[in-house]
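Chain by chain, the residues run as shown.
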Amino acid sequence: MEMSTRDARETLSVRSQGMLPSTYHLKLPAMAEDIPTSFYQPSNLFLKADAKVFMEVKLPEIKVAGVTVSNWEVMEKIKNLANPEVFQTLRVANYTREVIQFEGEFESLRSTRKVVLMLNGKSIKLSGFSETLKLRARQAEMPFPAKEEWEEYFAQRGLSSFDEGKPGERPDTIRIRGMPVKWFTSPESEGKPCPHVLTKAFQKFGKVRQVGIYDPSSTLGEAGNSAFSSFGPGGTTFLHFEAYVQFEKYEGFCSAMHDLKGMKLMHVDEAGKESVARVTVDFDKAGFLSERNIRKRKQVEEDMKREALEKQRKLEEEKLAEEKRKEEQLKAEEELKAQRRLQKIEEKRLKKEQQATLAATLKAIAYQRKVEAQRLFKVLLAGAAEARLQEEQASLERQREEEKQRKHREEEKRERERKERERTDEDGNREERKRHHRDRERPEGRHHKDRTEGRHHRRDKHRHRGELEDQKG
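As a starting point, this report considers the structure included with it. These figures come from a predicted structure and were not determined experimentally.

### Quick word on the overall build of the chain
Stage number 1. If you tally the helices and strands in the chain, you get eight helices and 15 strands.
Stage number 2. Residue burial in the chain is summarised as follows: out of 473 residues, 33% are buried.
Stage number 3. Summarising the internal contacts of the chain: among those between residues at least 6 apart in sequence, 65% fall at separations of at least 24.
Stage number 4. About 31700 Å² of surface is accessible on the chain, with carbon and sulfur atoms providing 51% of the total.

The structure is reproduced here in structure tokens:
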């Protein structure tokens, strides 16, 4: 007999020896498939059933322009019909003019089955539409390969049995995508997925031969990425990663495929808080962990390492060259600064010298002006005396010139007088000779008398001339 949802739920406390940590309490339906199973106890990892419902609403033909169907209104109608069950998530998966498809998630599979019974075949009445909309619901099944699929896949490649194939080229490797990085790290892995943790986690299904971690930074694609290289381009850390797990036996592979079908990963922290991650599981079709691809990846990894080393070497050389260039540039700038400092010092020195020279010149000019002023002052003071002296000298010169002229006139006068006397004497001599000649002709007494009178006359004449000259002088 089916129980109601509230009556069917009960609190299960599963201790660490069973499945969950001692602090974890989970309200679960009374169904074994809804109880999380331990996946990797040291990291508090569990496998939990993925409970989803797929719903489809057929839309009526819209004849009036401008009338639309509200997705939000449809979702609210669906939530009301599912009450008291509560959707953890509800979203539009697809939308066309004919149908709207929704995807909802619940806490447990029992809730999904109950909601399917409650919703499938129901009718929804929307505002603005006269006719009702039909609702179809079914439990969503996540895509997952069946045993027949991988058997057929490897049979087409000529593998009749597990033992005939080589590791990685037979059904022994599973591929898991969407694995949270932080759930599979270790203190030594520096925030990257740890192969050792991954191996330990999948040992529960069977003995693990090896594991590989897909590196999205590789250029070889799915079949050529390094399984153990650094995670992410340039050490970039991703939130999720893709893992490959290879089992030694076929049973381990089948056990893992069976137990992971329709499950999602769940992590419970120390406070009991749950976090889930939906992972995609498939069998490896690319031979990621085959011997051939491992060798290829190793070769590529070695080439990449060589390229990285070469690139690092070039970068270091460029860095050294850049440092040298910067050092030379800095040195040149320092030399330029030193030259500018010296130039400024020299300019200051020259300026000081020019200022000193100018000051000395101005001082000399001032001194010369002072001396000249003093001289001019002295000249001005001595000007009158000099003028008087020059006037006196000029007066003396005039007097001398006048004296000279006077003497010259006197000389000329004396010369005239001399010449006059000479003429007079000559005349007198002529007269004397005439008288003498007459006296010869006359008697002796008369001649002596005339000669004596002539001498007296000349003497008186000379005396009178000398008196006149003395008066003029």
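Having seen the structure, we can now continue with the description.
### What about helix α2 (residues 71-82)?
Along an α-helix, a turn takes 3.6 residues, which lines up residues three or four apart on a common side.
Stage number 1. Taking 1.5 Å of rise per residue, 12 residues should cover 16 Å, and α2 covers 17 Å from first to last C-alpha, within 8% of that figure.
Stage number 2. Taken together, the buried residues of α2 touch β5 (52-58), β6 (89-95), β7 (99-105), α3 (109-119), β8 (123-124) and β9 (133-139).

### Structural notes on the sheet that holds strand β13 (residues 263-268)
Stage number 1. Here four strands make up an open sheet; going across it, the order is β3-β4-β13-β14 and the pairing antiparallel. Lying at the two open borders of the sheet, with one neighbouring strand each, are β3 (37-40) and β14 (274-277). Neighbour to neighbour, the strand axes of the sheet diverge by 40° on average, direction disregarded.
Stage number 2. In this sheet, β14 lies alongside β13 in antiparallel orientation, the contact comprising four bridges. By the bridge assignment, M266 is partnered in β14 with V276.

### Section: the sheet that holds strand β15 (residues 280-283)
Stage number 1. If you walk across this open sheet you meet the four strands as β11-β12-β10-β15, and the pairing is antiparallel. The sheet terminates laterally at β11 (208-213) and β15, the two strands that pair on one side only. With strand direction ignored, the average angle separating the axes of adjacent strands in the sheet is 20°.
Stage number 2. As judged from the six bridges shared by strand β10 (residues 173-180) and strand β12 (residues 240-247), these two strands associate in the antiparallel manner. Each bridged residue has a counterpart across the sheet, and for I176 the counterpart in β12 is A243.
Stage number 3. Packed onto the sheet, helix α5 (residues 195-202) meets β10, β11 and β12 and runs at close to 135° relative to β11.

### Examining α3
Stage number 1. The element α3 is extensively covered by neighbouring structure, given that nine of its 11 residues are classed as buried.
Stage number 2. Immediately beyond the C-terminal end of α3, within one or two residues, lies G121, with a positive phi of roughly 85°.

### Comments concerning unusual backbone geometry
Stage number 1. A cis amide bond, omega 15°, links N83 with the succeeding residue P84.
Stage number 2. Along the chain, P84 falls in the loop between α2 and β6.
Stage number 3. The residue N44 is not glycine, and still its phi comes out positive at about 55°.
Stage number 4. Within the secondary structure, N44 is located in the loop between β3 and β4 (45-49).
Stage number 5. Not every positive phi belongs to a glycine, and E190 is a case in point at roughly 55°.

### Observations concerning the nonpolar core
Stage number 1. Of all hydrophobic cores here, the largest spans 44 residues; its most connected members are F39, I174, F184, L198 and F202.
Stage number 2. The element that contributes the greatest number of residues to this core is helix α6 (residues 250-260), accounting for six residues.
Stage number 3. Residues in contact with I174, not counting those within four places in the same chain, are F202, A243, Y244, V245, F247, F253, A256, M257, L260, D282, F283 and D284.
Stage number 4. Counting residues in each nonpolar core, the second largest holds 23 residues, with I78, A82, V115 and F129 among its members.

### Overview of the packing of α2 against α3
Stage number 1. One way to put it is that α2 packs onto α3 with a least axis distance of 9 Å and a crossing angle of 110°. In terms of orientation, α2 and α3 fall into the roughly perpendicular class. Helix-helix and strand crossings are classified by hand; for α2 and α3 the assignment is right-handed. When α2 is examined against α3, the residues I78, L81 and A82 are found in contact with a partner set consisting of V115, M118 and L119.

### Overview of the pairing of β5
Stage number 1. Among the seven residues that make up β5, five are buried, leaving the element largely enclosed by the rest of the structure.
Stage number 2. Direction of pairing for β5 relative to β9: antiparallel, over a ladder of five bridges. Residue pairing across strands places V57 opposite L135, the latter belonging to β9.

### Points about a nonpolar patch on the surface
Stage number 1. Where nonpolar side chains cluster on the molecular surface, the patch consists of L358, L362 and I365 and spans about 260 Å² of accessible area.
Stage number 2. Here I365 is to be found in helix α7 (residues 291-441).

### Notes on the packing of aromatic side chains
Stage number 1. Here the structure, examined in full by the defined rule, presents 13 aromatic pairs.
Stage number 2. Taking the centre distance of 6.3 Å and the plane angle of 70° together, the rings of W150 and F283 count as edge-to-face. Here W150, found in helix α4 (residues 147-155), pairs with F283, found in strand β15; they are 133 residues apart in sequence, far enough to count as distant.
Stage number 3. For F283, a relative accessible area of 3% corresponds to the buried category.
Stage number 4. Each ring, one from F184 and one from F241, has its centre 5.9 Å from the other, and the planes form 80°; the classification is edge-to-face. Of this pair, F184 sits in the loop between β10 and α5 while F241 sits in strand β12, and the two are 57 residues apart along the sequence.
Stage number 5. Counting every residue linked through ring pairs, the aromatic cluster contains W150, Y153, F154, F162, Y250, F253 and F283.
Stage number 6. For R157, the ring lying beneath its charged end belongs to Y153, and the centroid distance is 3.6 Å.
Stage number 7. Between the NZ or CZ atom of R297 and the centre of the ring of F288, over which it lies, the distance is 4.1 Å.

The rules behind each value
- Residues numbered from 1 in each chain as written.
- Predicted model: local features only at pLDDT ≥ 70, side-chain atom pairs only at ≥ 80, totals over all residues.
- Heavy atoms only, no water.
- Helix = DSSP H or I, 4+ residues; strand = E, 2+ residues; numbered from the N terminus.
- Buried < 20%, exposed > 50% of the residue type's maximum accessible area, 1.4 Å probe, protein only.
- Contact = heavy atoms within 4.5 Å.
- Areas by Shrake-Rupley, 256 points an atom, 1.4 Å probe, with all protein chains shown as cover.
- Expected span 1.5 Å × (residues − 1).
- Pairing = 2+ DSSP bridges.
- Axes fitted to C-alpha atoms, helices over the stretch in contact; angles between N-to-C directions.
- Core = buried A, V, L, I, M, F, W, Y, C linked by side-chain atoms within 4.5 Å.
- Parallel < 35°, antiparallel > 145°, perpendicular 65-115°, else oblique.
- Left-handed = near helix turned anticlockwise from the far one by under 90°.
- Patch = residues over 30% accessible without salt bridge, like charges linked within 9 Å, V, L, I, M, F, W, Y side chains within 5 Å.
- Salt bridge = Lys/Arg side-chain N within 4 Å of Asp/Glu carboxyl O.
- Phe/Tyr/Trp six-rings, centres within 6.5 Å; stacked < 30°, edge-to-face > 60°.
- Lys NZ or Arg CZ within 6 Å of the ring centre and 35° of its normal.

Remember that the coordinates give geometry; whether it matters functionally is a separate question.
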